[in-house]
Protein chains: 2
Amino acid sequence: MTGQHLLDPKRKPSREGVLRAMAKVAEILPPTPLLPLEVDGRTLWCKAEMLQPIGSFKIRGAWHRLSDLTAEECAKGVVGVSSGNHAQGVAWAARRLGVSATIVMPENAPKAKIEATKALGADVVLYQRPGEDRDAIAAALVAKTGATLVHAFANPWVIEGQGTLGLEAEAQLKARGIAGPLHIIACCGGGGMSAGLGLACPDAALSIVEPEGWDDVIRSLAAGKIVSVIDESHPTPCDSIQTPRTFPINFDALQGRVSSSATVTPSDISAAMRLVYDRLCLVVEPGGAAALAAVLAGKIELQGAAVVTLSGGNVDWDVYRQMIGAAA
Amino acid sequence: MTGQHLLDPKRKPSREGVLRAMAKVAEILPPTPLLPLEVDGRTLWCKAEMLQPIGSFKIRGAWHRLSDLTAEECAKGVVGVSSGNHAQGVAWAARRLGVSATIVMPENAPKAKIEATKALGADVVLYQRPGEDRDAIAAALVAKTGATLVHAFANPWVIEGQGTLGLEAEAQLKARGIAGPLHIIACCGGGGMSAGLGLACPDAALSIVEPEGWDDVIRSLAAGKIVSVIDESHPTPCDSIQTPRTFPINFDALQGRVSSSATVTPSDISAAMRLVYDRLCLVVEPGGAAALAAVLAGKIELQGAAVVTLSGGNVDWDVYRQMIGAAA
């Protein structure tokens, strides 16, 4: 009963597409836990996406995309562009489907992410960040091999797949007797997950959180047009959401859909990572802690049952040790 | 349809009791994830009990016990004896039921555990380990107030409650298309969880793992009678399973039921804690990593689908940092 429009690479992502992605994701991935965290008398519902097989939510969108490849497309392989988590998502899905994968990654990505991507059988092509244009490198690979590009966020399947996180959280809250209104607070890089969540849960309030200096999506929504980050050399511990510029497919889905937003400092992030260690016994990476960091810092006003994305947990030990130590 | 025998404090724990506990636990606690971990081409199924609201499996037995208290017993309160995890389990269940709780804890228990127990509203009485007899202190409290003693492992409800971990894991494997034979490898202190698992999953092979120097249960099973640890001042990072002597109710349930056993060194434990950090994005405490440590060290021969208990994650940051650093 799949409409052909749900397979069109140029389509707008849709709630119908998220529902279709959910059925596919549920076949192979158990829901990640939605863990209650009491903070100042309020319950935050933390979606523990670091417990996905690749340590982040990116497996959702990658699986939705790759599992829809035709036999002909499978034979030509896929190309991904990623700072590390989407890389592992694409590599994981490709291995499961027997498809070859090449991933374009920044050379300063966390070592653990580069190694994990290789361990999943993908070819890794490194580029300099800032400096080289990763999208141009990927385009050149695609032109040469005919492979299918799986962008980390500017792709309808990827957006729909990430949205399944919202459907899962909604169902988990319902099972605990908590029905809307929901307030979803999301870590935001290029806006793939945020766009998907907005579509998945149309009645939920949606807040997005970006790292200080990497707030291009927030500024784009304020400007009513896509703008880039001002300084691509601004340091941030949040490699996974360190994205200089969003794309029209994400911008269009988010415009008018975001209720509030915030930026977080490295110190906000440290405090959130530490609380997650102390109270949830989970390892969250800096970029995956942004949403919680904003709530803890009082930068997002909560409305309704608050779902916070803990988006991933792939962080090199030396960085983790320093970030947690800084909060102690 | 509850037989009165299932409420007798002097009863032997039973599979029937575990099934009853499961129904009660399932009402308030979602199953913890059973996460696959690939090691040397084998899949270990890790039961992530640190994701319980109190950070360990001990909530299971405590809830099963306290939720069966009569109104009269509730009015007199409960006394627990614990190095920290059972303490939090009893305190959590007591708070939920509006029952007062006093917990006898060693003064060298992890600070986080003492603080968390107090934060849950329990009164904490500290004792010296080694030296003072914690059971005697608890008995004196009970004699004075008429409170109900909830022992950390030598109690039929506690044993049955901990056994629910096994039923959950079995159901989760079945949902993934994996039916027996199971091999459960359990971290073992006094033998509460091990005894419960043996009853819960009668067809599973059962292995128990204790810290080097604290192998009284293994030695008791070998001797055919209960023996104590040889040196109660032997240092171990595994505070949560640092138990000098088991009790007849545990010994009787385990005798003839344990297929194999092993002891683990601090170095084995460090390696397991690190792998759990790197690959599962979870924080596991030293005692909660013992079962995995034994498997990784090749000390347990696997038979069937291997379920490994990651029993808890309550570990002070300074200890965690040192243990993970030691493995790096």
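One can find the structure itself at the top, above this paragraph.
Residues numbered from 1 in each chain as written. Chains lettered and ligands numbered in written order. Predicted model: local features only at pLDDT ≥ 70, side-chain atom pairs only at ≥ 80, totals over all residues. Heavy atoms only, no water.

**Q** It is not clear to me how the overall build of chain A should be interpreted in this structure. Could you clarify?
**A** Counting its regular elements, chain A contains 13 helices and ten strands. A compact globule built from 328 residues should have a C-alpha radius of gyration of about 20 Å, and chain A, at 18 Å, falls within 12% of that. Dimensions of chain A along its principal axes, counting C-alpha atoms only, are 55 × 45 × 40 Å. Residue pairs in contact within chain A that sit at least 24 positions apart in sequence constitute 70% of those at least 6 positions apart. With the model as given, the accessible surface of chain A reaches about 12,200 Å², and the carbon-plus-sulfur share is 52%. Taking the average location of the 30 positive side-chain charges in chain A and that of its 33 negative ones, the two points are 3 Å from each other. (Helix = DSSP H or I, 4+ residues; strand = E, 2+ residues; numbered from the N terminus. Rg over C-alpha atoms; globule rule 2.2 N^0.38 Å. Contact = heavy atoms within 4.5 Å. Areas by Shrake-Rupley, 256 points an atom, 1.4 Å probe, with all protein chains shown as cover. Lys, Arg positive; Asp, Glu negative; His and termini not counted. Charge placed at Lys NZ, Arg CZ, Asp CG, Glu CD.)

**Q** What is the right way to look at the relation of the copies chain A and chain B in this model?
**A** Copy one and copy two of the chain differ by a rotation about a common axis and a shift along it. For these two chains of identical sequence, chain A goes onto chain B by a turn of 180 degrees and a shift of 0.0 Å along the axis, with RMSD 0.0 Å. What the rotation and shift describe, once combined, is the action of a two-fold rotation axis. In terms of C-alpha distance to the rotation axis, chain A has leucine 282 of chain A as its closest residue, with the C-alpha 2.3 Å off the axis. Interface overlap between copies: 100% of the residues of chain A at the interface are likewise at the interface in chain B, consistent with a symmetric, same-surface contact. (Least-squares fit on C-alpha atoms with pLDDT ≥ 70 in both.)

**Q** Before we go on, may I ask you to explain the pattern of salt bridges in this structure?
**A** If the charged atoms of two oppositely charged side chains come close together, the side chains can form a pair. By the definition in use, this model includes 22 salt bridges over all chains. A salt bridge links aspartate 239 of chain A to lysine 113 of chain A; its shortest N-O distance comes to 2.7 Å. In this pair, aspartate 239 of chain A sits in the loop between α9 (216-223) and α10 (248-254) while lysine 113 of chain A sits in helix α5 (residues 111-119), placing the two residues 126 residues apart along the sequence. A single burial state applies to aspartate 239 of chain A and to lysine 113 of chain A, both of which are buried. Measuring nitrogen to oxygen at the nearest pair gives 2.7 Å for the salt bridge that ties arginine 60 of chain B to glutamate 49 of chain B. (Salt bridge = Lys/Arg side-chain N within 4 Å of Asp/Glu carboxyl O. Buried < 20%, exposed > 50% of the residue type's maximum accessible area, 1.4 Å probe, protein only.)

**Q** Can you help me understand unusual backbone geometry in this one?
**A** Note on backbone geometry: most residues besides glycine have negative phi, and most peptide bonds are trans. All names here are of chain A. Even without a glycine there, the phi angle at aspartate 40 is positive, about 50 degrees. Structurally, aspartate 40 is set in the loop between β1 (34-39) and β2 (42-48). Using a relative accessible area of 78% as the deciding quantity, one classes aspartate 40 as exposed.

**Q** Where do I start with the sheet that holds strand β3 (residues 78-81) of chain B in this structure?
**A** Pairing between the strands of a sheet is mediated by backbone hydrogen bonds and can be parallel or antiparallel. Residues and elements named next belong to chain B. Taking strand neighbours across the sheet as the criterion, the four strands line up as β5-β4-β3-β6 in an open arrangement whose pairing is parallel. The open sheet has two edge strands with one neighbour each: β5 (123-127) and β6 (148-150). Adjacent strand axes in the sheet meet at a mean angle of 20 degrees when their direction is disregarded. Pairing analysis gives four bridges linking β3 to strand β4 (residues 101-106), with the strands arranged parallel. Along β4, the bridge assignment pairs valine 78 with alanine 101. Sheet strands in contact with helix α4 (residues 85-97) are β3, β4 and β6, and its direction is about 170 degrees off that of β4. (Pairing = 2+ DSSP bridges. Axes fitted to C-alpha atoms, helices over the stretch in contact; angles between N-to-C directions.)

**Q** Where do I start with the nonpolar core in this structure?
**A** Buried together is how nonpolar side chains tend to be arranged in soluble globular proteins. Counting 86 residues, the largest nonpolar core has Leu44, Leu282 and Tyr320 of chain A together with Leu282 and Tyr320 of chain B as its most contacted members. Contact partners of leucine 282 of chain A, with chain neighbours within four places excluded, come to Leu35, Ala48, Met50, Leu51, Val276, Tyr277, Leu310 and Tyr320 of chain A together with Leu51, Cys281, Leu282 and Val283 of chain B. (Core = buried A, V, L, I, M, F, W, Y, C linked by side-chain atoms within 4.5 Å.)

**Q** Sorry if this is basic, but what is going on with the environment of leucine 126 of chain A here?
**A** Residues and elements named next belong to chain A. Note on placement: leucine 126 falls in strand β5 (residues 123-127). In this structure, the C-alpha to C-alpha distance between leucine 126 and asparagine 108, residues 18 residues apart in sequence, is 8.8 Å. Beyond its immediate sequence surroundings of up to four residues, leucine 126 is in contact with Met105, Pro106, Glu107 and Ile114.

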